[in-house]
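# An overview of the molecular structure
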Amino acid sequence: MKTEETVERVVPGTRSWELYGYEHLQRYLFVKEFIKDKNVLDAACGSGYGSYFMATEGNAKSVTGIDISETAIEHCHKYQNSNLNYRVIDCMQLSNLKEKFDIVISFETVEHLSDPRDFFRKVSEILIPGGIFICSTPNKQRLSGAGNINPFHPSELSYDEFKNLFKLEFTIKNEFHQSETISYSRYMELKHLLSKVSGRASAYFLNRIENKMREAVGKNFVYDSFIRPDLDALNEGDIEIQELKVTPKKWH
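An account of the accompanying structure is given in this report.

Conventions and cut-offs
- Going along each chain's sequence as written, the residues are numbered from 1 onward.
- Side-chain atom pairs in this predicted model are given and counted only at pLDDT of 80 or more, local residue features only at pLDDT of at least 70, and totals for whole chains, interfaces and linings cover all residues.
- Hydrogens and water molecules were not included; the side-chain quantities draw on all heavy atoms of the structure.
- Here a helix means four or more residues in a row that DSSP labels H or I, a strand means two or more in a row labelled E, and each is numbered from the N terminus.
- Here's how the labels work: a residue is buried when its accessible area is under 20% of the maximum for its type, exposed when over 50%, partly exposed in between, all with a 1.4 Å probe on protein chains only.
- All axes here are fitted lines through C-alpha atoms, helices being fitted over the stretch that makes contact, and every angle between N-to-C directions spans 0 to 180 degrees.
- By convention, the crossing between two helices is left-handed when the near helix turns anticlockwise from the far helix through less than a right angle, and right-handed when the turn is clockwise.
- We call two residues contacting when some pair of their heavy atoms lies within 4.5 Å.
- Note on residue classes: Ala, Val, Leu, Ile, Met, Phe, Trp, Tyr, Cys and Pro are nonpolar, Asp, Glu, Lys and Arg are charged, and everything else, Gly too, is polar.
- Any pair of Phe, Tyr and Trp rings, taking the six-membered ring for Trp, is counted once the centres come within 6.5 Å. Such a pair is stacked with planes under 30 degrees apart, edge-to-face with planes over 60 apart, and tilted for the rest.
- Salt bridge, as applied in this entry: a Lys or Arg side-chain nitrogen positioned within 4 Å of an Asp or Glu carboxyl oxygen.
- Definition used in this section: a nonpolar core is a set of buried Ala, Val, Leu, Ile, Met, Phe, Trp, Tyr and Cys residues joined via side-chain atoms within 4.5 Å.

Take unusual backbone geometry next. Cis rather than trans, the peptide bond between A43 and A44 has omega equal to -5°. Residues other than glycine seldom take positive phi values, yet D37 does so here, at roughly 65°. Mapped onto the secondary structure, D37 falls in the loop between α2 (32-35) and β1 (39-43). A residue is classified by how much of its surface remains accessible, and D37, at 53% relative accessible area, is exposed. In this model, E108 sits at a positive phi of 55°, which is unusual for a non-glycine residue. Position of E108 among the secondary structure elements: in the loop between β4 (101-107) and α5 (116-126).

Next comes the structure, spelled out in structure tokens:
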């Protein structure tokens, strides 16, 4: 499967965009209020649609999109604007930029890096005093959990790990969470249901005994919270980015 056809690099006009495009674009819509008249670094910019949005719809003073992939940057050049430029630069080599930025944006990048702490340190060095760093990464406990390995993600972080790394270099002003795409929710729901079927098949007699005991004491199973009865009534516009007001539980 080509990289651009996976969620790791979402490209407008492909199947990946149909499945995950709204989720990715929504993050750039979210930062619109922060970037007006600012010099912005988009690290890593991927296929470039987000950098272009910030340079045009976001009214940034300037936007520099960087990515380690030459192929990605080649694709970026289809998005052109006078205040927008792209460069092939590794996010772990930010000092090569030789300039400072008002805001650094980095969406779904940290999990791809071998040393997130060093990346955060380098971001702090290229920000002007009082600059802003807005960053997102998947919650390992929600995305993969124990026993699952994504070969593209050497540094998946839990909520606590992500926050603690941030605090080493930055003052955290706000935290936000993004609800998952409907496609992802359906996938995880199906995965959960299949695991339950597999579990019943492998422990059929033990489950029957347990169910009988539960019936006897009036303690039936509680339905798993991952099952979302409202999925059929949702559309992509129901996906939201909201301020995180409490410490998330494991599966949030």
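Here the narrative resumes, following the displayed structure.
The description of two packed helices rests on the angle between their axes and on the distance between the axes. For the pair α5 and helix α7 (residues 159-169), the least separation of the axes is 9 Å and the interaxial angle reads 35°. In this structure, α5 meets α7 at a crossing whose hand is right-handed. Residues P116, R117, F120, R121 and S124 of α5 pack against F162, L165, F166, L168 and E169 of α7. For the contact of α5 with α7, the class distribution of residues is 6 nonpolar, 1 polar and 3 charged.

Turning our eyes to something else, we now look at the packing of aromatic side chains. Counting across every chain of the model gives 14 aromatic pairs. Centre to centre, the rings of F119 and F133 are 6.2 Å apart; their planes meet at 75°, and the pair counts as edge-to-face. Of this pair, F119 sits in helix α5 while F133 sits in strand β5 (residues 127-136), and the two are 14 residues apart along the sequence. Ring geometry for F120 and F162: centres 6.3 Å apart, planes at 55°, overall tilted. On the criterion of sequence distance, the pair formed by F120 in helix α5 and F162 in helix α7 is long-range, its members being 42 residues apart.

With that out of the way, let us pick up the pattern of salt bridges. For the structure on display, the rule yields 7 salt bridges. Ionic pairing is found between D118 and R121, a salt bridge with its closest N-O pair at 2.8 Å. Here D118 pairs with R121, and both are found in helix α5, just 3 residues apart, close to one helical turn. The class for D118 is buried, based on a relative accessible area of 16%. The class of R121 is partly exposed, set by a relative accessible area of 29%.

It is worth spelling out the side chain of R27 at this point. One can find R27 in helix α1 (residues 15-30). The contacts of R27, once residues within four sequence positions are left out, are F107, E108, S136, Q178 and I241.

Counting residues in each nonpolar core, the largest one holds 24 residues, and the members touching the most others are L41, F119, F120 and F133. When contributions to this core are tallied by element, the ones reaching two or more residues are β1, β4, α5, β5 and α7. Broken down by element, this core gets its largest block of residues, 4 residues, from α5. Excluding anything up to four places from it in sequence, L41 contacts T64, I66, L94, L97, F101, I103, V104, I105 and I126. Grouped together as the second largest cluster of nonpolar side chains are 21 residues, V10, I73, C76 and Y86 included.

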